[in-house]
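A structural walkthrough
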Amino acid sequence: MIALVVAAVLGLAVLAGFVMIVVSIRREDRAISLGFAPKSGSSVLARRVTGCHVGRGVSWT
């Protein structure tokens, strides 16, 4: 019974994180802001997860 509750809580946490990342990606896509520094923590996370982050010394010119 406890294992089922733990699995449900972990599943909900993963689902909430996924929804946050999807919302952040949609927001940045509409703002066409991938060439600039991210404005929020969720944007930073979304860029890291999807691989759209800019490393040091790389420019978008």
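Preceding this section is the structure that the text describes.
Criteria and cut-off values
- Residues numbered from 1 in each chain as written.
- Predicted model: local features only at pLDDT ≥ 70, side-chain atom pairs only at ≥ 80, totals over all residues.
- Heavy atoms only, no water.
- Helix = DSSP H or I, 4+ residues; strand = E, 2+ residues; numbered from the N terminus.
- Buried < 20%, exposed > 50% of the residue type's maximum accessible area, 1.4 Å probe, protein only.
- Arc of directions from axis to C-beta.
- Patch = residues over 30% accessible without salt bridge, like charges linked within 9 Å, V, L, I, M, F, W, Y side chains within 5 Å.
- Areas by Shrake-Rupley, 256 points an atom, 1.4 Å probe, with all protein chains shown as cover.
- Salt bridge = Lys/Arg side-chain N within 4 Å of Asp/Glu carboxyl O.

1. Topic: the overall build of the protein
- Helix and strand counts for the protein stand at two helices and zero strands.
- Looking at the protein as a whole, 11% of its 61 residues qualify as buried.

2. Here's the deal with helix 2 (residues 41-50)
- Residues S43, A46 and R47 constitute the buried set of helix 2. Viewed along the axis of helix 2, the buried residues span an arc of 95°, placing them on a single side of the element. Structural note: helix 2 exposes G41, R48 and V49 on the side pointing more than 90 degrees away from its buried face.
- Positive phi appears at G51, one or two residues downstream of helix 2, with a value of about 85°.

3. Quick notes on a nonpolar patch on the surface
- On the surface, L12, L15, F18, V19, V22 and V23 cluster together into a nonpolar patch covering about 550 Å² of accessible area.
- Checked against the element boundaries, V23 lands in helix 1 (residues 2-31).

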